[in-house]
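What follows is the residue order along each chain.
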Amino acid sequence: MATRAHGGKTKQRHFISHMNAMKRQEAALDSMHPVFRGRIQALIDHLNKKGWQAFVWQGKTRSEAQAAKNAKQGTGIKMSWHRPEVHGRLGVSLVELYAADIVDERWGWEGPAKDLGHAFWKDLGSFAKAEGLEWGGDWGKRDVAHVQMALMDMAMPDSAFV
C-alpha cells in the first residue's frame, strides 16, 4: 500500500480503486459457472458485512474454445489451476474445477495483508469453507487469496454426489 502527500498530510492509497475493483469483479463473476458464482457472491457478501472491502481479483476459468478442445481430446478437465492430479485420481469422471482469488481492495497482498495470518485471510478461509469451497490457505504452500470448487459431471461409483 502506497502513501502520497495530500495538503501536507500523508494519505493512504488503496491497492486498487473501488471502481476498478468492481470492474475486475464483474468480469470475473460473469465468467464463472452459476453455482460457483453464487457461492463466491455469498462469500463476498459475508466478508463485506464484516467490514472488509473484499472483491474478486481474478476468476480462473477457461474459454469455451478451450473447454471444447479439452472435451474433444477427452481430457475431461475444463479447469485445474492447483490440482493437476485430479484427472488421474478420479479416473474417467469429467471434472471441472473453478477458482478465484479474493482480496481486500485496500491492500491486495500488500501492507497488513502480507501477513498470511491476517484477520482478513482467516475470515476468507472460514467463510469459504462455510460455502463449501476449498481454501488455499490450508495448503502446505499457502495461497491465502485462493478459493476453488470442483464440479463433477458424473457421480463416482458408491459416491454421495449426484
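Residues numbered from 1 in each chain as written. Predicted model: local features only at pLDDT ≥ 70, side-chain atom pairs only at ≥ 80, totals over all residues. Heavy atoms only, no water.

J.: Would you mind going over the environment of Phe127 with me for this structure?
T.: If you trace the backbone, Phe127 turns up in helix H5 (residues 119-130). Spatially, the C-alpha atoms of Phe127 and Leu47 are 7.5 Å apart, while their sequence positions differ by 80 residues. Beyond its immediate sequence surroundings of up to four residues, Phe127 is in contact with Leu43, His46, Leu47 and Lys50. (Helix = DSSP H or I, 4+ residues; strand = E, 2+ residues; numbered from the N terminus. Contact = heavy atoms within 4.5 Å.)

J.: Looking at this structure, how should I read the pattern of salt bridges?
T.: Side-chain pairs of opposite charge can arise whenever the charged atoms involved come near each other. According to the stated counting rule, one finds 4 salt bridges in the structure shown. We note a salt bridge from Asp104 to Arg106, for which the minimum N-O separation is 2.7 Å. Per residue, the accessibility class of Asp104 equals that of Arg106, and both read buried. The salt bridge involving Lys114 is made with Glu110; its shortest N-O contact spans 3.8 Å. Classification of Lys114 by relative accessible area gives exposed; the value is 57%. (Salt bridge = Lys/Arg side-chain N within 4 Å of Asp/Glu carboxyl O. Buried < 20%, exposed > 50% of the residue type's maximum accessible area, 1.4 Å probe, protein only.)

J.: Where do I start with the packing of helix H1 (residues 18-30) against helix H2 (residues 34-49) in this structure?
T.: Think of two packed helices as two axes; the pair is described by the angle between the axes and how far apart they sit. Between H1 and H2, the shortest axis-to-axis distance is 10 Å and the interhelical angle comes to 150°. The orientation of H1 with respect to H2, classified from their angle, is roughly antiparallel. Contact residues: Gln25, Leu29 and Asp30 in H1; Arg37, Ile40, Gln41 and Ile44 in H2. Here the residues of the contact of H1 with H2 sort into 3 nonpolar, 2 polar and 2 charged. (Axes fitted to C-alpha atoms, helices over the stretch in contact; angles between N-to-C directions. Parallel < 35°, antiparallel > 145°, perpendicular 65-115°, else oblique. Nonpolar A, V, L, I, M, F, W, Y, C, P; charged D, E, K, R; others polar.)

J.: Honestly, the environment of Phe55 in this entry has me stumped. Any pointers?
T.: Mapped onto the elements, Phe55 comes out in strand E3 (residues 54-60). Assessed through its relative accessible area of 0%, Phe55 is described here as buried. Separated by 37 residues in the primary sequence, Phe55 and His18 place their C-alpha atoms 9.3 Å from one another. Ignoring sequence-local partners within four residues, the contact set of Phe55 consists of Ile16, Ala21, Met22, Arg24, Gln25, Ile44, Asp101, Ile102, Val103, Asp104 and Glu105.

Any link to function would need more than the numbers given here.
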